[in-house]
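These are the residues of each chain, in order.
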Amino acid sequence: MENSMDSSRSARRTKEEKKLLRRQIKTSHTLLKHEGINTVSHPTKHLVVSNGGLGNGVSRESLLEVLKEGGTVESLLTPPAKPYAFVTYSSIEAGQNAYTFLNGRALQCQEEQSVTLYFSYVEKVDGDRGVSCALPPGLSVLEDFVSPEEEMQLLQAVDWTPDTDDVTVQKALKHRRVKHYGYEFRYDNNNVDKDKPLPGGLPAECDALLRRCLADGHISVVPDQLTVNQYQSGQGIPPHVDTHSAFEDTILSLSLGAKTVMDFKHPDGRSVAVVLPERSLLVMKGESRYLWTHGITPRKYDVVPVLEAGGSGVMTSDLSNLTLSRRGTRISLTFRKIRHTPCNCAYPSACDSQRLPSPPTVPVAEGDACRLESQYVHQVYEEISSHFSSTRHSPWPQVRDFLLSLPPGSVLADIGCGNGKYLGINPEVVSMGCDRSANLVQICIERGHEAFVSDALSVPLHNGCCDACISIAVIHHFSTQERRQAAVRELIRLLKVGGRALIYVWAMEQEYNNQKSKYLKERTTETITENGKELKTEENKPNQQEEHDGKMSSDMKCTEDGFGNATQARIHVHTNRTAFLSQDLLVPWHLKAGRAGRAVFWCGRCKSA
């Protein structure tokens, strides 16, 4: 009887071990598929801990407490927002010990939930994954700017009881509670009624704080508008840029009650997470105020540096220095100065004061065409070059086949090469590229390609020097038929007798035999932010398409002025993933969701060049 019970226990343990092994294999496959992390079967002192990451709500402190049961821990790396961590023990024996005894361990994490830890061996741990970055230009965080006593006075000065007078304006928004002093900020148009100041001005308790900011040189004029935001744990604010036409340059934001992490994002894709400690003052000037979006992700825990208790600044790239911090109730006091003249900042792409009041007209003269292309092609590509390059990586099959068909030793010129994705397709040919965008040419050079800055209408190469030329999605950017034809003649000039050229342009017709093109089929729902306001572009329903068709048809017709004279047709912005109703369009380029502003570029869509 006793031997039977021992046999049952042994079988039960074997079954549990098999279950644990299956889970380990599954997590190893997941790590390889989604993160590119290769695990190994032989023992090492380096292990990856699945389900033990900050992304699972596991703090560094609680994980380290468990890991120490396996032996002496040399290092623990916790990548932000990832469901795993890397641990290095002092020896292979300690690593084996942890692998054997800690696999399958349940660990209590945040919100009273538990996770099961699974360990796998790895050959080494890459501790240089993070890239250090600096604060956005013009941004500074001043710690302990007010004392605890001043903090208490300021918090008590904000009365959250329902308003009984018209001195302030209080609103309960979806994700936070707000109160305005001096002027009401209107969320329906992201602006202020400058002719309707609120009586009473700013609270007297703010006077000493603002005098100190003035004396220290953080501001040159005293703010006259204050917005107080109250954030409960789990609440945030969407990424936005404070409206240029509403407020002057410097913006101050004082954090009271609790710390948080604010995310700053540049239109080119760079992002910086900045810790704002309790009682710290955030100062935004210049580029950080006008161009970078700032927002707070709604969540209950932030990833913060573990060794810098209460520290501020850029989120560290040292993965051995990160942990979780639970958010508390935070009150922010944002001070701004009302602007009474149009903004003339150096960032027109994000400035509502400098945007064109009406769409441009179809160019007639050569000078008009050059100016139009400069603004809506050249300048825009320089601004979006990084994001554009990140979306251009897969070569089109027909272009690849053309390049691979070239004999070895052929000389190839890619006119309008972009980020150079076609320059390395055929290593047997001599490839060179040119583009009007200096930023895109720099990307080509960094990738090891031969490239130079040039206009496609005047390429600085000898006549007949190329065996082949390609022009992929370039010529439709020229705004007149004459300029498009000139671009084709330039390609012919570069070719040797018998040389070949391949030209691709966007087609106006996006349906063939009642079949929609991929462009029309891939209509998706996306969220963008413009002027601090979240917008959604949704899949077009039939009635929406008809409305769009009718509007575009009427917009593109020539109209008459008050004297009966015909006026030039205006070029309007195309609605993405809808049929093209004109050959002359401005096509939006949306930067990644959550970034401020919207860039548009010219696209003359012609049936043939």
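Attention here is on the structure that accompanies the text. Quick caveat: nothing in here was measured; it's all calculated off a predicted structure.

What about the overall build of the protein?
From N to C terminus, the protein includes twelve helices and 33 strands. Considering only residue pairs separated by 6 or more positions, the protein has 68% of its internal contacts joining residues 24 or more positions apart. Accessible surface, the protein as shown: approximately 30,500 Å² in total, 50% of it carbon and sulfur.

Regarding the pairing of strand 24 (residues 430–435)
Here five bridges tie strand 23 (residues 411–415) to strand 24, and the two strands are oriented parallel to one another. For Leu412, the partnering residue across the bridge sits in strand 24 and is Ser431. Across three bridges, strand 24 lies against strand 25 (residues 451–453) in parallel orientation. Counterpart to Asp435 in the pairing with strand 25 is Val453. The handedness of the strand 24 to strand 25 crossover, carried by helix 9 (residues 438–446), is right-handed.

A word on helix 8 (residues 397–404)
Along helix 8, the residues classified as buried are Val399, Phe402 and Leu403. Mapping the buried residues of helix 8 onto a view down its axis gives an arc of 95°, with all of them on the same face. Close packing links the buried residues of helix 8 with strand 23, strand 26 (466–472) and strand 27 (495–504).

As for the pattern of salt bridges
Scanning the model with the defined rule gives 17 salt bridges in all. Here Lys337 and Asp224 are joined by a salt bridge, their closest N and O atoms 3.3 Å apart. With Lys337 in the loop between strand 22 (330–336) and helix 7 (366–390) and Asp224 in the loop between helix 5 (207–215) and strand 12 (225–231), this pair connects stretches of sequence that are 113 residues apart. Of the charged contacts, one joins Glu490 and Arg493 as a salt bridge, the two residues approaching to 2.8 Å between their closest N and O atoms. With Glu490 and Arg493 both in helix 10 (residues 481–494) and three residues apart, this pair spans about one turn of that helix. Judged by relative accessible area, which is 10%, Glu490 ranks as buried. In this structure Arg493 comes out as partly exposed when scored by relative accessible area, which is 26%. Each member of the salt-bridge network shares a partner with another, and the members are Asp144, Glu151 and Arg279.

Cut-off values and rules
- Residues numbered from 1 in each chain as written.
- Predicted model: local features only at pLDDT ≥ 70, side-chain atom pairs only at ≥ 80, totals over all residues.
- Heavy atoms only, no water.
- Helix = DSSP H or I, 4+ residues; strand = E, 2+ residues; numbered from the N terminus.
- Contact = heavy atoms within 4.5 Å.
- Areas by Shrake-Rupley, 256 points an atom, 1.4 Å probe, with all protein chains shown as cover.
- Pairing = 2+ DSSP bridges.
- Right-handed = clockwise from strand over helix to strand, strands pointing away.
- Buried < 20%, exposed > 50% of the residue type's maximum accessible area, 1.4 Å probe, protein only.
- Arc of directions from axis to C-beta.
- Salt bridge = Lys/Arg side-chain N within 4 Å of Asp/Glu carboxyl O.

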